[in-house]
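Structure assessment
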Amino acid sequence: MITPSLALFYLAATLVMAGALGVVLTRNIVYAAFALLASLLGVAGVFLLMYAEFLALVQVLIYGGAVVIVALFSLMLTRIQDFERLTDHRQWPLAAVTAIGVFALLTAGILTTNVRTVERQSVGLDTMGETLFTTWAIPFEVASLVLLVALIGSIVLVRASGGRD
Amino acid sequence: MIELAHVQILAAALFATGLYGVLARRSAVMILMSIELMLNAVNINLIGFAAFVDFGEAQRSLGQVLIVFVITIAAAELALALAIILRLYRNRSSVNVDGIDRMKW
């Protein structure tokens, strides 16, 4: 039976998969970046359907806002024409077989495993925040440190180093 | 009615697509985008289990917390990897990963 939530889920799943196929199949790398954006917004829709509204917000902000923009910027800092010349690997049929095999294996595993499920539900934002800042406070701080180190590291890496490039 | 299997199969399909991208593409930026797809597949799987499995409240919020960590690490990884790609482009005027074999033994 198709309930409204299932129809919305199929819509989000279609967006996710269409975007993903766009990323891996298109020749133009700018189109690929926009297909990635569509796919990631579809994932935000899936988060919403799982009642994880905070994660949907984070997904749109970080992936939709930051990640795709950074990817586009890096394309513009280099020359896009060079990317367009790059075709796929000669061995792409092998890659397709591997991907389909992994998908078949995962699907077989999913369909044969019995998980005791309940009607979908989620914790509120307050409970999640409490967990994040009590039980997982130290990993959270470490993650922020990792982000800081990575960002400073990337600035140092791309900085023009006085003509000695 | 959405069921857990729907979410899991979507995650599996997204993961397989990302895997194909990683294996078949030759541009480093394209490979990076495919890795992002695979990370998002993992996130979909995590939120599916957090929403559907008969867990207590602590485990449910743990599923969401884990996704926050994955998104954080993915952002850090993307920033670093794009910096490395830019650097590589300046040195070699190419982002073809087949050509980058200087450290190959």
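Structure shown above.
Because the structure is a prediction, the values reported are computed rather than measured.

Comments concerning the overall build of chain B
Helices and strands together make up the secondary structure of chain B, namely 3 helices and 0 strands. Radius of gyration (C-alpha) of chain B: 17 Å, far over the 13 Å computed for a compact globule of 105 residues. Taking the principal axes of its C-alpha atoms as reference, chain B extends roughly 55 × 25 × 25 Å. Among the 105 residues that make up chain B, the fraction classed as buried is 57%. In chain B, of all internal contacts separated by at least 6 residues, the share reaching a separation of at least 24 is 52%.

Let's talk about the overall build of chain A
In terms of regular secondary structure, chain A is built from 7 helices and 0 strands. The order of helices and strands in chain A, counted from the N terminus, is α-α-α-α-α-α-α. Restricting to contacts in chain A with at least 6 residues of sequence separation, those with at least 24 account for 53%.

Describing the interface of chain B and chain A
Counting from both sides, the interface comprises 66 residues of chain B and, opposite them, 76 residues of chain A. Contributions of two or more residues to the side of chain B that touches chain A are made by helix 1 (4-24), helix 2 (28-52) and helix 3 (57-92) of chain B. Of all the elements, helix 3 of chain B adds the most residues to the side of chain B that touches chain A, at 26 residues. Of the residues in the side of chain B that touches chain A, the class split is 43 nonpolar, 15 polar and 8 charged.

Description of unusual backbone geometry
In this structure, Tyr51(A) takes a positive phi of about 60° despite not being glycine. Tracing the backbone shows Tyr51(A) in the loop between helix 2 (29-49) and helix 3 (53-77).

Quick look at the nonpolar core
Ranked by size, the top nonpolar core spans 72 residues in total, and within it Leu36(A), Phe47(A), Leu14(B), Val29(B), Met33(B), Ile44(B) and Ile47(B) carry the most contacts. The set of elements that each furnish at least two residues to this core consists of helix 1 (4-25), helix 2 and helix 3 of chain A together with helix 1, helix 2 and helix 3 of chain B. When residues of this core are assigned to their parent elements, the largest contribution, 16 residues, is made by helix 2 of chain B. Those residues in contact with Ile47(B) that lie beyond four places of it in its chain are Phe47(A), Met50(A), Ala52(A), Leu55(A), Gly63(B) and Ile67(B).

Some words on helix 1 of chain B
The first and last C-alpha atoms of helix 1 of chain B sit 30 Å apart over 21 residues, in line with the 30 Å expected at 1.5 Å per residue. Burial runs high along helix 1 of chain B: 18 of the 21 residues are buried.

Cut-offs used in this document
- Residues numbered from 1 in each chain as written.
- Chains lettered and ligands numbered in written order.
- Predicted model: local features only at pLDDT ≥ 70, side-chain atom pairs only at ≥ 80, totals over all residues.
- Helix = DSSP H or I, 4+ residues; strand = E, 2+ residues; numbered from the N terminus.
- Rg over C-alpha atoms; globule rule 2.2 N^0.38 Å.
- Buried ≥ 20, exposed ≤ 12 C-beta atoms within 10 Å, placed from the backbone.
- Contact = placed C-beta atoms within 7 Å.
- Nonpolar A, V, L, I, M, F, W, Y, C, P; charged D, E, K, R; others polar.
- Core = buried A, V, L, I, M, F, W, Y, C linked by C-beta atoms within 7 Å.
- Expected span 1.5 Å × (residues − 1).

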